[in-house]
Amino acid sequence: NAGVTQTPKFQVLKTGQSMTLQCAQDMNHNSMYWYRQDPGMGLRLIYYSASEGTTDKGEVPNGYNVSRLNKREFSLRLESAAPSQTSVYFCASSEPYGYTFGSGTRLTVV
Amino acid sequence: DAKTTQPPSMDCAEGRAANLPCNHSTISGNEYVYWYRQIHSQGPQYIIHGLKNNETNEMASLIITEDRKSSTLILPHATLRDTAVYYCIVRPYSGAGSYQLTFGKGTKLSVIP
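Reading the values: rules and limits
Residues numbered from 1 in each chain as written. Chains lettered and ligands numbered in written order. Predicted model: local features only at pLDDT ≥ 70, side-chain atom pairs only at ≥ 80, totals over all residues. Heavy atoms only, no water. Helix = DSSP H or I, 4+ residues; strand = E, 2+ residues; numbered from the N terminus. Rg over C-alpha atoms; globule rule 2.2 N^0.38 Å. Buried < 20%, exposed > 50% of the residue type's maximum accessible area, 1.4 Å probe, protein only. Contact = heavy atoms within 4.5 Å. Lys, Arg positive; Asp, Glu negative; His and termini not counted. Charge placed at Lys NZ, Arg CZ, Asp CG, Glu CD. Disulfide = S-S within 2.5 Å. 1 Å grid on protein atoms, 1.4 Å probe; cavity = no way out; pocket = protein on both sides within 12 Å on 5 of 7 lines; lining within 4 Å. Points joined across faces, edges and corners; volume = space filled by probe spheres on them. Salt bridge = Lys/Arg side-chain N within 4 Å of Asp/Glu carboxyl O.

Draft legend 1. Seen up close, the overall build of chain B. Across its full length, chain B carries 0 helices and 9 strands. Mapped in sequence order, the helices and strands of chain B form the string β-β-β-β-β-β-β-β-β. Computed over its C-alpha atoms, the radius of gyration of chain B comes to 13 Å, within 12% of the 13 Å expected for a compact globule of 113 residues. By principal-axis analysis of the C-alpha atoms, chain B measures approximately 40 × 30 × 25 Å. Relative to its 113 residues, chain B shows a buried fraction of 42%. Long-range contacts, defined here as pairs at least 24 residues apart, represent 57% of the contacts in chain B between residues at least 6 apart. Distance between charge centroids for chain B: 3 Å, based on 10 positive and 9 negative side chains.

Okay, here's the thing in structure tokens:
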């Protein structure tokens, strides 16, 4: 039982490059989320998917797109990376009692 | 705006109880109190949640005041592995508002040998 798996764990991008962060969960949860965490800060919600086939913006959606590929998978895409998107990205899935988070993707944009 | 207020940092001696306070004076009737922790730079980990009754599980106890305006997370016998940032969060258990898990800066708990 892996929980929430994120790939890659580390990534360095040049400004303007694009990439997709992958997330998969094996707990049959309906809801999935993408958060970012900047140094010394709490997590901020980028996008979420309440159920398969739906996505909604969170607190900081600008510069990102998401795809809920199926119930298990929720991807986050940066179309044109900017240095301000340097952060640690966490994917999560949830049932009402609580969330399970992945181990994070550490992204640096130079 | 954060719905909760927590002290930025606390110390606790190893083996002693760690009591982490949280103020949530504007909590609504349908909102639960959730606690998560983040060890080093790992993903946050769910600890416990409650509505108005005190709750206990294998990790911790949650004490909620009768007026529900504040709560305390208790780690009964803190170990060095409990050193982490602890987040107190309020949110509805279900429905549209339940998808917005808002993290503040939390309390940095340092367990001292």
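Draft legend 2. Up close: the state of the cysteines. Enumeration according to the criterion identifies 2 disulfides over all chains in this entry. Disulfide pairing is shown between C23(A) and C91(A); the S-S distance is 1.8 Å. Negative torsions about the S-S bond denote left-handed disulfides, and the value of about -75 degrees found for C23(A) with C91(A) makes this one left-handed. Of this pair, C23(A) sits in strand β3 (residues 19-25) while C91(A) sits in strand β9 (residues 87-95), and the two are 68 residues apart along the sequence. C22(B) shares a disulfide with C88(B); S-S distance 2.1 Å. Of note, the bridge from C22(B) to C88(B) carries an S-S torsion of about -85 degrees and is left-handed in sense. Remark: C88(B) occurs in strand β8 (residues 84-92) and C22(B) occurs in strand β2 (residues 18-23); sequence separation between them is 66 residues. Overall, C22(B) belongs to the buried group, its relative accessible area being 3%. Summary of cysteine pairing: C12(B) is not part of a disulfide, and the nearest cysteine sulfur, belonging to C22(B), is at 18 Å. Judged by relative accessible area, which is 7%, C12(B) ranks as buried.

Draft legend 3. The layout of surface pockets, seen in detail. Residues and elements named next belong to chain A. Each pocket or cavity is described by its volume, and for the largest pocket that value is around 300 Å³. Lining the largest pocket are 15 residues, with Q37, D38, P39, G40 and M41 positioned closest to its centre. At 3 residues, β9 tops the list of elements feeding residues into the lining of the largest pocket.

Draft legend 4. The arrangement of the pattern of salt bridges in detail. Residues and elements named next belong to chain A. In total, this model carries 5 salt bridges over all chains according to the counting rule given. Taking the shortest distance from any N to any O, the salt bridge between R36 and D38 comes out at 2.9 Å. Residue D38 is classed as buried on the basis of its relative accessible area of 17%. With a shortest N-O distance of 3.1 Å, E79 and R77 are connected by a salt bridge. With relative accessibility at 43%, the residue E79 sits in the partly exposed group.

Spatial relationships are all this shows, so hold off on functional conclusions.
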